[in-house]
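Read off the chains here:
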Amino acid sequence: MNLLGIDAGTTGLKAILFKSETGKELGSGYVEYSFADSSKGHVEMAAENWFEALKQASRTALQNAGTRECAALAISSQGESFVLLDQYGESIRNAIIWLDNRSAPECTVIERDFGREQIYHMTGNPSVEPAWLGTKLLHLRRHEPENFADIAHILLVGDYLLYRLTGQFYGSGALWCSTLLYDLKRRTYWDAMLDYLEVKKSSLPIQVDSGVVVGRVQPDIAAEIGFSTPVLVVSGGMDQACGALGSGNIRQNLITDNTGTSFNLTATTNEPVFDPEFRLPCQLHVIDGFYLAVAWSSSGGVLL
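Residues numbered from 1 in each chain as written. Predicted model: local features only at pLDDT ≥ 70, side-chain atom pairs only at ≥ 80, totals over all residues. Heavy atoms only, no water.

Engineer: Where do I start with the overall build of the protein in this structure?
Structural biologist: When helices and strands are tallied, the protein shows 10 helices and 18 strands. The C-alpha radius of gyration computed for the protein amounts to 18 Å, which stays within 12% of the reference 19 Å derived for 304 residues, consistent with globular compactness. The principal-axis extent of the C-alpha atoms belonging to the protein is close to 55 × 45 × 35 Å. Going through the 304 residues of the protein one by one, you find that 52% of them count as buried. Partitioning the contacts of the protein with sequence separation of at least 6, the portion at a separation of at least 24 is 66%. Surface accessibility of the protein: about 13,100 Å² in total, with carbon and sulfur atoms responsible for 49%. Side-chain charges in the protein split into 23 positive and 35 negative, and the spacing between the mean points of these groups amounts to 2 Å. (Helix = DSSP H or I, 4+ residues; strand = E, 2+ residues; numbered from the N terminus. Rg over C-alpha atoms; globule rule 2.2 N^0.38 Å. Buried < 20%, exposed > 50% of the residue type's maximum accessible area, 1.4 Å probe, protein only. Contact = heavy atoms within 4.5 Å. Areas by Shrake-Rupley, 256 points an atom, 1.4 Å probe, with all protein chains shown as cover. Lys, Arg positive; Asp, Glu negative; His and termini not counted. Charge placed at Lys NZ, Arg CZ, Asp CG, Glu CD.)

Written as structure tokens, this is what we have:
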């Protein structure tokens, strides 16, 4: 049985086909994409680029493996970057990448109105950063009211790719935990923040655990990629949590170092960890019942 792993990173998307019984890599594909706008602190991209990259990288992985057989796939993705869809499932505007810092003024407003301690102990985020989805939604509500009014679906990168593959709207806490919209302890959306931002819960994807089958690749998409058999689609998580799993960091007191666009040190814990000095974020692991204490730098890897 072959399994396809997909990682939608900040600057490119990777797809690798594995033999599930042995973990042997059979073939891989990689596609880079570029940003549409990186001026004045704005970093945007057409969301369609993610899906086109997924199809192309997956086709290449199958071709390099010399097989079209795949039983299931799952997606690891960058956190925070998001796309807004209207009632017809079409993009309202370009996707906004996590590196975008246009919402710096809104960070100050949110921290003032909720308080740093409440935000940290509710969401696991010790500071309010422009990267977080909640700050950008407030910015769009203030500065792009027409686009904000048209929102029917708010999707992170992994959610968007799941939607394009299956037609279903699902998300996982291991991806949503750094958005400011997610209650880390209750493992569901934070109602008070949704009300504050004027975001409807119905516009957010249905929350499921990581590792859950959420559908099948739609037949026309499967044919376009080149799959010869029906392919199950499984919920994944943020790249750092998936990277911890892939590195064997799946029990308490293990630490892994991962340098992608950002630099991250992640430590697995069996309960939420809150730093009294407000330095260390806490996120959900893709392994049920575990959390990650994450020390990170947004410029760690991109400088290379």
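Engineer: Looking at this structure, I do not really get the packing of aromatic side chains. What am I missing?
Structural biologist: In this description, an aromatic ring pair is defined by two values, namely the gap between the centres and the angle between the planes. Here the structure, examined in full by the defined rule, presents 7 aromatic pairs. Seen in terms of ring centroids, Tyr-163 and Phe-169 are 4.5 Å apart; in terms of plane orientation they differ by 10°. Their pairing is stacked. Owing to a relative accessible area of 15%, Tyr-163 belongs among the buried residues under this scheme. When the centroid spacing of 5.5 Å and the interplanar angle of 85° are considered together, the rings of Trp-176 and Tyr-189 count as edge-to-face. Here the residue Trp-176 occupies a position in helix H7 (residues 173-176), and Tyr-189 occupies one in strand S11 (residues 188-189), the gap between them amounting to 13 residues. Neither residue differs from the other here; Trp-176 and Tyr-189 are each classed as buried. (Phe/Tyr/Trp six-rings, centres within 6.5 Å; stacked < 30°, edge-to-face > 60°.)

Engineer: I tried to follow helix H6 (residues 157-166) on my own but got confused; where do I start?
Structural biologist: Burial within H6 is extensive, with 9 of its 10 residues counted as buried. The set of residues buried in H6 consists of Val-157, Gly-158, Asp-159, Tyr-160, Leu-161, Leu-162, Tyr-163, Leu-165 and Thr-166. Among the residues trailing H6, Gly-167 stands out with phi positive, at a value near 80°.

Engineer: Even after reading the chapter, I still don't get the nonpolar core, so can you show me in this structure?
Structural biologist: As a rule of thumb, soluble globular proteins bury nonpolar side chains together. Counting residues in hydrophobic clusters, the biggest one holds 80 residues, and the most contacted among them are Trp-50, Leu-73, Leu-161, Leu-165 and Phe-227. The element that contributes the greatest number of residues to this core is helix H1 (residues 48-65), accounting for 7 residues. Those residues in contact with Leu-161 that sit more than four places away from it in its chain are Ala-8, Leu-13, Trp-50, Phe-51, Leu-54 and Ile-75. If you look at the next biggest cluster of nonpolar residues, it comprises 6 residues, including Ala-174, Ala-241, Val-286 and Leu-292. (Core = buried A, V, L, I, M, F, W, Y, C linked by side-chain atoms within 4.5 Å.)

Engineer: Before we go on, may I ask you to explain the layout of surface pockets in this structure?
Structural biologist: Rolled over the atoms, a probe with the dimensions of a water molecule shows which regions are left empty. In this structure, the largest pocket occupies an estimated 690 Å³ of space. Lining the largest pocket are 30 residues, and of these Gly-5, Ile-6, Ala-74, Ser-76 and Cys-242 lie nearest its centre. Elements with a contribution of two residues or more to the lining of the largest pocket: strand S1 (2-8), strand S2 (12-19), strand S5 (72-77), strand S14 (232-238) and helix H10 (239-246). Residue classes in the lining of the largest pocket are distributed as 15 nonpolar, 11 polar and 4 charged. Here the second largest pocket is characterised by a volume of approximately 390 Å³. Looking at the second largest pocket, it is lined by 25 residues, and the ones nearest its centre are Gln-78, Asp-239, Gln-240, Ser-262 and Asn-264. At the level of secondary structure, the elements contributing two or more residues to the lining of the second largest pocket comprise S2, H10, strand S15 (255-259) and strand S18 (291-297). (1 Å grid on protein atoms, 1.4 Å probe; cavity = no way out; pocket = protein on both sides within 12 Å on 5 of 7 lines; lining within 4 Å. Points joined across faces, edges and corners; volume = space filled by probe spheres on them. Nonpolar A, V, L, I, M, F, W, Y, C, P; charged D, E, K, R; others polar.)

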